[in-house]
Amino acid sequence: MRRKIIICIVLIFCIFLVSGCTKNKEVKTNKKNNNSGSNSLVLYFSATGTTKGIVERIAKNSNSDIIEIIPKDKYTSSDLDYNNDCRANKEQNDNKARPKIKNKIDISKYDVIYLGYPIWWGTNPKIILTLLDTYDLTGKIIFPFCTSGSSGIEESINNLRNYNSKLIIKDGKRFSSNTSEHEIIEFINKCKIEYNYIDKDTSKMNVNIDGKDYTINLEDNSTAKKLFELAPLEVTMKELNGNEKYVYLSSSFPVDSYKPGHINQGDVMLFDNGCLVIFYKSFDTSYSYTKIGYIDNLPDLGNGDVSVKFG
Ligand SMILES: Cc1cc2nc3c(=O)[nH]c(=O)nc-3n(C[C@H](O)[C@H](O)[C@H](O)COP(=O)(O)O)c2cc1C
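A quick note: this is a predicted structure, and the numbers were derived from the prediction, not measured.

Undergrad: Outline the overall build of the protein, listing residues and values.
TA: Broken down by element type, the protein carries seven helices and 16 strands. A total of 311 residues make up the protein; the buried ones form 28% of that total. Of the contacts made within the protein by residues no fewer than 6 positions apart, 70% connect residues no fewer than 24 positions apart.

Structure (structure tokens):
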């Protein structure tokens, strides 16, 4: 009887172990490994096929899947006859117009969405707003692109950003019908650089001071991003005034200086446009700085220069 109980316990434990392992694997492979192996999608609406031509080239060069936004009521040529009082014009002039989408769109498995559309009266067709109303694109990195007779994409991007400020809508690109392959590849590469950057946690950075590791909590500004981009960076920081270590870097930084009035121990600041400062004591100041971040639990670093590795 005792042996039977032990065998049962061992069996239950094995089943538990196997199911646990399978679950872990699912979590790990989630998102990146969908059927096609791609985590980017070209999602588009095209009424007369011009945008569709660009879509296929973006998808090929970026190894993305393609999904078309198909209107429930297809646009006929008279619907698009913008010199007359056509359906497309009416929709563009009606703030409440949300033309229905025919197909179900599964965007759950994609992290990056290239969103394509033609420009209608200077902006995106209203069906793109239907898309934003219907599907939750929060957390996706959206790169808009368009085709047009001559209008740019900027107005549509402002429009989409204002429509849902929670979305991550990056700057996009207008393509003409005779776009070169080089232009397409250049666009994708630019998006990839931005995407990889977003993918990293840019809110924190490691800093090693004389062999000890600390964390800098970075500000969400272009000065902090510049330091993040420069890393890994090894410098000797000089002692000054018994409260700071500083180094003048050869790169100049974006500046947005202000007078903080008070410095806290651990503050990391930019003085001028290229002098990086770590403060290791708190004090009042009348100088102007651009804040880069602060170091958790930074001790008094004492006298003398220090060797510092950022990143
Ligand atoms: C209703 C309507 C309005 C348009 N408004 C503009 C415009 O404001 N500026 C522009 O450059 N092109 C405009 N166009 C031209 C389209 O943007 C252009 O032909 C586009 O490449 C069509 O893309 P598609 O073939 O993917 O639908 C308009 C076209 C239509 C049908």
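Undergrad: Got a sec to walk through helix H5 (residues 154-163)? Specific residues and values, please.
TA: Residues of H5 that are buried include every one of Ser156, Ile157 and Leu160, and no others. The arc that holds every buried residue of H5, seen down its axis, measures 100°, which confines them to one face. Every exposed residue of H5 that faces more than 90 degrees away from the buried side is listed here: Asn158 and Asn162. Contacts made by the buried residues of H5 are with helix H4 (127-134), strand S4 (141-147) and strand S5 (168-169).

Undergrad: Can you explain unusual backbone geometry? Please cite residues and give values.
TA: In this structure, the amide linkage connecting Ala231 to the following residue, Pro232, adopts the cis form with an omega of 0°. One can find Pro232 in the loop between helix H7 (222-230) and strand S9 (233-240). For Trp121, which is not glycine, the phi torsion reads 45° and is therefore positive. By secondary structure assignment, the location of Trp121 is in the loop between strand S3 (112-118) and H4. If you check the backbone angles, Asn297 has positive phi at about 50° while not being a glycine. As for its position among the elements, Asn297 is in the loop between strand S15 (290-295) and strand S16 (306-310).

Undergrad: How would you sum up the site of the ligand? Please name residues and give values.
TA: The local shell around the ligand holds 21 residues, among which Ser46, Thr48, Thr50, Thr51 and Pro118 are the closest. Of all the secondary structure elements, the ones that give two or more residues to the shell around the ligand are helix H2 (50-62) and helix H3 (87-93). Sort the elements by how many residues they give to the shell around the ligand and H2 lands first, with three residues. Taken together, the residues of the shell around the ligand sort by class into eight nonpolar, twelve polar and one charged.

Undergrad: Got a sec to walk through H7? Specific residues and values, please.
TA: By the burial criterion, the buried members of H7 are Thr223, Ala224, Leu227 and Phe228. In an axial view of H7, the angular spread of the buried residues amounts to 145°, which keeps them on one side of the axis. Elements that come into contact with the buried residues of H7 comprise strand S7 (204-209), strand S8 (212-218), strand S12 (267-271), S15 and S16.

Undergrad: Describe the nonpolar core, with residues and values.
TA: In this structure, Val42, Leu43, Tyr44, Ile58, Ile113, Tyr114 and Ile128 are the most contacted members of the largest nonpolar core, which totals 36 residues. At the level of secondary structure, the elements contributing two or more residues to this core comprise strand S1 (40-44), H2, S3, H4, S4, H5 and helix H6 (181-199). Considering every element that reaches this core, the biggest residue donor is S3, with five residues. Setting aside anything within four residues of it in sequence, one finds Ile128 in contact with Phe45, Tyr117 and Leu160. By size, the runner-up hydrophobic cluster in this structure holds 25 residues, among which are Val207, Val268, Met269 and Leu301.

Undergrad: Pulling in residues and values, what's your account of the sheet that holds strand S13 (residues 275-279)?
TA: Pairing within the closed barrel is antiparallel, and its eight strands lie in the order S7-S8-S15-S12-S13-S10-S9-S16. Adjacent strand axes in the sheet meet at a mean angle of 30° when their direction is disregarded. Those strands touched by H7 are S7, S8, S9, S12, S15 and S16, and its axis lies near 60° from that of S15.

Undergrad: Any details on the pairing of S13? Residues and values, ideally.
TA: Among the five residues in S13, four count as buried, and that is most of the element. Pairing of strand S10 (residues 244-248) with S13 involves five bridges; the strand directions are antiparallel. Across the sheet, the residue bridging to Glu244 is Phe279, located in S13. Strand direction decides the pairing type here: S12 and S13, joined by four bridges, are antiparallel. In the sheet register, Met269 faces S13, and the bridge partner there is Val277. The loop that links S12 with its antiparallel partner S13 comprises three residues; one of these, Asp272, has a positive phi angle of about 60°.

Undergrad: Outline the environment of Pro71, supporting the account with residue identities and numerical values.
TA: Position of Pro71 among the secondary structure elements: in the loop between strand S2 (65-68) and H3. A C-alpha to C-alpha distance of 7.6 Å links Pro71 and Ile127, two positions 56 residues apart in sequence. Look past the residues within four positions of Pro71 in its chain and what remains in contact with it is Pro99, Ile101, Lys102 and Ile127.

Undergrad: Got a sec to walk through the environment of Val42? Specific residues and values, please.
TA: Among the secondary structure elements, Val42 is positioned in strand S1. For Val42, a count of 27 C-beta atoms within 10 Å puts it in the buried group. Separated by 70 residues in sequence, Val42 and Val112 have C-alpha atoms that sit 8.6 Å apart. Residue contacts for Val42: discarding those within four places in its chain leaves Val55, Ile58, Ala59, Ser64, Ile66, Tyr114 and Gly116.

Reading the values: the criteria
- Residues numbered from 1 in each chain as written.
- Predicted model: local features only at pLDDT ≥ 70, side-chain atom pairs only at ≥ 80, totals over all residues.
- Helix = DSSP H or I, 4+ residues; strand = E, 2+ residues; numbered from the N terminus.
- Buried ≥ 20, exposed ≤ 12 C-beta atoms within 10 Å, placed from the backbone.
- Contact = placed C-beta atoms within 7 Å.
- Arc of directions from axis to C-beta.
- Near = placed C-beta within 6 Å.
- Nonpolar A, V, L, I, M, F, W, Y, C, P; charged D, E, K, R; others polar.
- Core = buried A, V, L, I, M, F, W, Y, C linked by C-beta atoms within 7 Å.
- Pairing = 2+ DSSP bridges.
- Axes fitted to C-alpha atoms, helices over the stretch in contact; angles between N-to-C directions.

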